[in-house]
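Results of the structural survey
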Amino acid sequence: MSDSESGRGGIFGSKKPAMPPESSRDWKLIEKLVMSLQAEQKRSRRWGIFFKLLTFVYLFALIVMIRSPIGDGMGVSAEQHTALVELTGPIAADELASADNLVGALRAAFEAETSKAVVLRINSPGGSPVQSGYVYDEIRRLREEYPEKKVYAVIADVGASGAYYIAAAADEIYANRASLVGSIGVVAGGFGFNTLMEKLGVERRLYTAGENKAFLDPFTPERDEDVEFWQSVLENTHKQFISAVKEGRGDRLVDDEKLFSGLVWSGQQALELGLIDGLASSSWVAREVVGAEELVDYSRGPSPFQQFVDQLGVSFGEGVAAHLLEFRLELR
């Protein structure tokens, strides 16, 4: 045999070494990896399109909202009507039932030439005595400026505390027999953590200028003189509340020492106590008392832009949650 023939196959002879066969498990892992990468790419493209559309919609809505009036009610009707102003929820500067919103709506309702009277529909547990006082004073001023127009407060589920404070400025007050009315009082509360801190071994370090600057601090023991002073503040505010109610209701109130105790009454009880003038709804008052059945809402609600932003946030949150849920299910 020649050298060329003997060396034709190299050191392994004429056959090449066999490679180990690929197992089916390895192929499945590779296939799964490729499919996962493809799915991730598709998901990324979908979210890219979503955010581009979201940006476009946001910019378009922003332009529309800027060019449109915001925050107003239904507006003035050409026909004679009863103006409606809603007082809903807690009364506070940063809430929908703020003095700014309520005063603005009431002014628009009184100024409308075709509004025959104003109905203030109340469904509120009360809130800030300051905000309530602002609205009370404005209603009294508007009544003097527009003596031909009366304002009627109509209590729905609840008209208590600061909400009743405002209602007392109206010419008349109505409610349902099961409405909750009254709660003529002032409340303030808090917590004391000084005993808990002692048990936990935590030392309170507080530095002030002025001996009473840290009065009623929840992390230090309560002092009798602090409680006495704070009680005087509450009593003074309560007297202002009582004075406003008496000025608004006059001799319609019965002589009952419990009237200003902070108790809340049903509409039927409130009628007997002189806290309200009758049992009726806002539509009944507009039809039977005012004589103008059509109710036109002058309330100031969230602006269209704010509503859009809120809805956009909810939709975005739901979209992200759905995406995360889908991704979690895939990983399982």
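Whatever comes next refers back to the structure up there.
Residues numbered from 1 in each chain as written. Predicted model: local features only at pLDDT ≥ 70, side-chain atom pairs only at ≥ 80, totals over all residues. Heavy atoms only, no water.

**Things to note about the overall build of the protein chain**
When you go through the protein chain residue by residue, the secondary structure sums to ten helices and eight strands. Taken across its 332 residues, the protein chain has 32% of its residues classed as buried. The contacts in the protein chain between residues at least 6 apart in sequence include a share of 74% that link residues at least 24 apart. When the accessible surface of the protein chain is totalled, it reaches about 21700 Å², and 56% of it is carbon and sulfur. (Helix = DSSP H or I, 4+ residues; strand = E, 2+ residues; numbered from the N terminus. Buried < 20%, exposed > 50% of the residue type's maximum accessible area, 1.4 Å probe, protein only. Contact = heavy atoms within 4.5 Å. Areas by Shrake-Rupley, 256 points an atom, 1.4 Å probe, with all protein chains shown as cover.)

**Examining the pairing of strand β4 (residues 172-175)**
Here four bridges tie strand β3 (residues 151-160) to β4, and the two strands are oriented parallel to one another. By the bridge assignment, Tyr-152 is partnered in β4 with Glu-172. Where the polypeptide runs from β3 across helix α5 (residues 162-167) and back to β4, its parallel neighbour, the crossover connection is right-handed. Where β4 and strand β7 (residues 278-279) come together, two bridges link them in parallel fashion. Pairing of Tyr-174 across the sheet is with Gly-278, part of β7. (Pairing = 2+ DSSP bridges. Right-handed = clockwise from strand over helix to strand, strands pointing away.)

**What about the environment of Arg-252?**
In this structure, Arg-252 sits in the loop between α7 (224-249) and β6 (264-266). Since its relative accessible area comes to 31%, Arg-252 is described here as partly exposed. Filtering out sequence-adjacent residues up to four positions away, Arg-252 remains in contact with Asp-171, Glu-172, Leu-273, Gly-274 and Asp-277. There is a polar contact of 3.0 Å between the side chain of Arg-252 and the backbone oxygen of Asp-171. (Polar contact = N/O pair within 3.5 Å; in protein donor to acceptor, adjacent residues only side chain to side chain.)

**So, the nonpolar core**
Ranked by size, the top nonpolar core spans 50 residues in total, and within it Val-85, Tyr-164 and Leu-275 carry the most contacts. In terms of residues, this core owes the most to one element, helix α3 (residues 99-111), which gives seven residues. Setting aside residues up to four positions removed in sequence, Tyr-164 forms contacts with Ile-155, Gly-159, Ile-173, Val-181, Gly-182, Ile-184, Val-245, Arg-249 and Leu-275. (Core = buried A, V, L, I, M, F, W, Y, C linked by side-chain atoms within 4.5 Å.)

**Let's talk about the packing of aromatic side chains**
All told, the structure shown has eight aromatic pairs when counted by the stated rule. On the numbers, 5.8 Å between centres and 35 degrees between planes, the contact of Phe-110 with Tyr-146 is tilted. Here the residue Phe-110 occupies a position in helix α3, and Tyr-146 occupies one in the loop between α4 (129-145) and β3, the gap between them amounting to 36 residues. Take Phe-110 and Tyr-146: they sit in the same class, and that class is buried. Summarising the aromatic geometry, the rings of Tyr-136 and Tyr-165 are spaced 5.4 Å apart at their centres and angled 65 degrees between planes, so their arrangement reads as edge-to-face. Of this pair, Tyr-136 sits in helix α4 while Tyr-165 sits in helix α5, and the two are 29 residues apart along the sequence. Across this residue pair, the class does not change: Tyr-136 and Tyr-165 are buried. Ring pairs connect the aromatic residues Tyr-136, Tyr-165 and Phe-241, which therefore count as one cluster. (Phe/Tyr/Trp six-rings, centres within 6.5 Å; stacked < 30°, edge-to-face > 60°.)

**Observations regarding unusual backbone geometry**
Excluding glycine, residues mostly have negative phi values, and the peptide bonds linking residues are mostly trans. Its identity as a non-glycine residue notwithstanding, Ser-161 has a phi of 55 degrees, on the positive side. Turning to its location among the elements, Ser-161 is positioned in the loop between β3 and α5. Classification of Ser-161 as buried rests on a relative accessible area of 18%. For Ser-183, which is not a glycine, the phi torsion comes out positive at approximately 55 degrees.

Keep in mind these values describe shape, not function.
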